[in-house]
Amino acid sequence: MTRLLTDTVNIALWATNLGVAISSIDDWIAHIDRKMKKARADGADIFVMPEYASEQWMAFKPQGLRPQDEISWMAEMAPTVIDGASNLATRHDMMLVAGSMPWHIGDDPRRGQTNRALAFLPDGKIIMQDKLSLTPGEQEPDNWNLTPGKKLSIIEWRGLRIAILICLDIEMPALSCLLARQNIDLVLVPSMTSKPSGYHRVFGCAKARAVELMCTIAACGTTGAAINTTQNPTNYSGCAVYIPCEAELGHTGIFAMTTPDGGDDGDGPVLLAHDVPIGTIRRLRAGGAEVWPGNWSAREIEVTQA
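Residues numbered from 1 in each chain as written. Predicted model: local features only at pLDDT ≥ 70, side-chain atom pairs only at ≥ 80, totals over all residues. Heavy atoms only, no water.

Going by an unreviewed UniProt entry, the protein carries the name Nitrilase and comes from Thalassospira marina.

Below, the structure is given as structure tokens:
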């Protein structure tokens, strides 16, 4: 019988080291399979990879591929991961967020690309979430030139209400305001940051969102540098699970985290957060919190110039 996750949930986050050599899409799927198998044996319900995990494909990109064509090439490859990723979610009975990757808009290369995360569910269902807030680099016309998404999806799965906010999206208070009325249990944050400053922006805002939304925020980012990359020579990140800063939850708002780094060795850390207290947080959100911004009743504020 399928376990509902309304009391606790176990979340695995993989700060993938892009510098590990991958020879093909099949090899990439097999690499994820090994990580998911271990995480499932340790009890994980959800497995999350970072933004632009597809950069690892640069290790086998076509010879002579121009830097300005890399996004389009990854978008051509992206649909080929669907069957393999779906099979992993079903075989391991886990939700899999296989990072984000470029996708052709409407399957038409002429319309450009978007940065899309896909959540693969064990029953074969696939939920798409496009990045809503693009960085200046993602909109640079001569190379990436991506198009932002326009829709924020809510995933209802095994008793949880889940949203995916990709990297810069978690820094946007306006998106938090949209989610505040959705009774969200969990926000998953795949990210890619090149420097400690970017890591602390994303993860610092993720911690703030846990307070604002009275929910759990789980974030992970890329580490290392992909073989043959021309775009991202450094990646610095880690994994963290944040919860509201409440006495009943341990005061600090940090449920679990890894030490961030640049990914010099190994595959990158996998953080397994056991028994994240979804049920307790729901009860606090329903009115038991010390102080929760979501309970604020003011609707209009008068602004005057002093």
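**Q** A description of the overall build of the protein should follow, citing residues and the corresponding values.
**A** Summing up its helical and strand segments, the protein has 6 helices and 12 strands in all. Taken over C-alpha atoms, the radius of gyration comes to 19 Å for the protein, in line with the 19 Å a tight globule of 306 residues would show. Seen along its three principal axes, the alpha-carbon backbone of the protein occupies a region of about 60 × 55 × 35 Å. The buried share among the 306 residues of the protein stands at 54%. The long-range share in the protein, meaning contacts at least 24 apart out of those at least 6 apart in sequence, stands at 71%. Entry remark: accessible area of the protein is about 13500 Å², with carbon and sulfur atoms responsible for 51%. Separation between the mean location of the 27 positive side-chain charges and that of the 35 negative ones in the protein comes to 4 Å. (Helix = DSSP H or I, 4+ residues; strand = E, 2+ residues; numbered from the N terminus. Rg over C-alpha atoms; globule rule 2.2 N^0.38 Å. Buried < 20%, exposed > 50% of the residue type's maximum accessible area, 1.4 Å probe, protein only. Contact = heavy atoms within 4.5 Å. Areas by Shrake-Rupley, 256 points an atom, 1.4 Å probe, with all protein chains shown as cover. Lys, Arg positive; Asp, Glu negative; His and termini not counted. Charge placed at Lys NZ, Arg CZ, Asp CG, Glu CD.)

**Q** Give a description of unusual backbone geometry that names residues and reports values.
**A** A negative phi angle is the norm for most residues apart from glycine, just as the trans form is the norm for most peptide bonds. Although it is not a glycine, Asp-93 adopts a positive phi angle of roughly 55°. In this fold, Asp-93 is placed in the loop between helix H3 (82–92) and strand S3 (95–104). You will see that Cys-167, though not glycine, has its phi angle at about 50°, which is positive. Looking at where Cys-167 falls in the secondary structure, it is placed in the loop between strand S7 (160–164) and helix H4 (173–180).

**Q** Quick one: what's the story with helix H1 (residues 25–41), residue by residue and with numbers?
**A** Taking 1.5 Å of rise per residue, the 17 residues of H1 would be expected to cover 24 Å, and the 24 Å separating its terminal C-alpha atoms lies within 8% of that figure. All buried positions along H1 are accounted for by Ile-25, Trp-28, Ile-29, His-31, Ile-32, Lys-35, Met-36 and Ala-39. Burial along H1 is one-sided: seen end-on, the buried residues are contained in an arc of 155°. The outward face of H1, more than 90 degrees from its buried face, is lined by the exposed residues Asp-26, Arg-34, Lys-37, Lys-38 and Ala-41. Residues of H1 that are buried in the fold lie against strand S1 (9–14), strand S2 (46–48), helix H2 (70–77), H3, S3 and strand S12 (270–276). After H1 finishes, the residue Gly-43 shows a positive phi value of roughly 100°. (Expected span 1.5 Å × (residues − 1). Arc of directions from axis to C-beta.)

**Q** Can you explain the packing of aromatic side chains? Please cite residues and give values.
**A** Scanning all chains against the criterion turns up 6 aromatic pairs. Considering the side-chain rings of Trp-28 and Trp-57, the 5.3 Å spacing of their centres and the 85° angle between planes classify their relative orientation as edge-to-face. Of the two residues, Trp-28 sits in helix H1 while Trp-57 sits in the loop between S2 and H2, which places them 29 residues apart along the sequence. (Phe/Tyr/Trp six-rings, centres within 6.5 Å; stacked < 30°, edge-to-face > 60°.)

**Q** I'd like to hear about the side chain of Lys-131, residue by residue, with values.
**A** On the secondary structure map, Lys-131 appears in the loop between strand S5 (126–130) and strand S6 (155–157). Note on Lys-131: relative accessible area 1%, which makes it buried. Reaching out from Lys-131, the side chain makes a polar contact with the side chain of Glu-51 at a distance of 2.8 Å. What Lys-131 contacts, discounting residues up to four positions off in sequence, is Glu-51, Asn-115, Glu-138, Pro-148, Gly-149, Ile-166, Cys-167, Leu-168 and Asp-169. (Polar contact = N/O pair within 3.5 Å; in protein donor to acceptor, adjacent residues only side chain to side chain.)

**Q** Which residues make up the sheet that holds S6, and what are the values?
**A** The mixed open sheet is built from 6 strands, whose spatial order is S6-S7-S8-S9-S10-S11. On the outer flanks of this sheet lie S6 and strand S11 (254–257), each paired with one strand and no other. In this sheet, adjacent strand axes meet at a mean angle of 20° when their direction is disregarded. Sheet topology note: the S6/S7 ladder contains 3 bridges and is antiparallel. Bridging across to S7, Ile-155 finds its partner in Ile-162. (Pairing = 2+ DSSP bridges. Axes fitted to C-alpha atoms, helices over the stretch in contact; angles between N-to-C directions.)

**Q** Account for the pattern of salt bridges, with residues named and values stated.
**A** In total, this model carries 17 salt bridges according to the counting rule given. The partner of Asp-185 in a salt bridge is Arg-282, with the nearest N and O atoms 2.6 Å apart. Placement of Asp-185 in the loop between H4 and strand S8 (186–191) and of Arg-282 in helix H6 (residues 278–288) is noted, with a sequence separation of 97 residues between them. Its salt-bridge partner being Glu-212, residue Arg-209 comes within 2.7 Å of it at the nearest N-O pair. Here the residue Arg-209 and the residue Glu-212 both occupy positions in helix H5 (residues 196–213), the gap between them amounting to 3 residues, near one helical turn. For Arg-209, a relative accessible area of 5% translates into the label buried. Given the relative accessible area of 29%, Glu-212 is considered partly exposed. What emerges from the salt-bridge pattern is a single network uniting Arg-3, Arg-40, Asp-45, Asp-93 and Arg-158. (Salt bridge = Lys/Arg side-chain N within 4 Å of Asp/Glu carboxyl O.)

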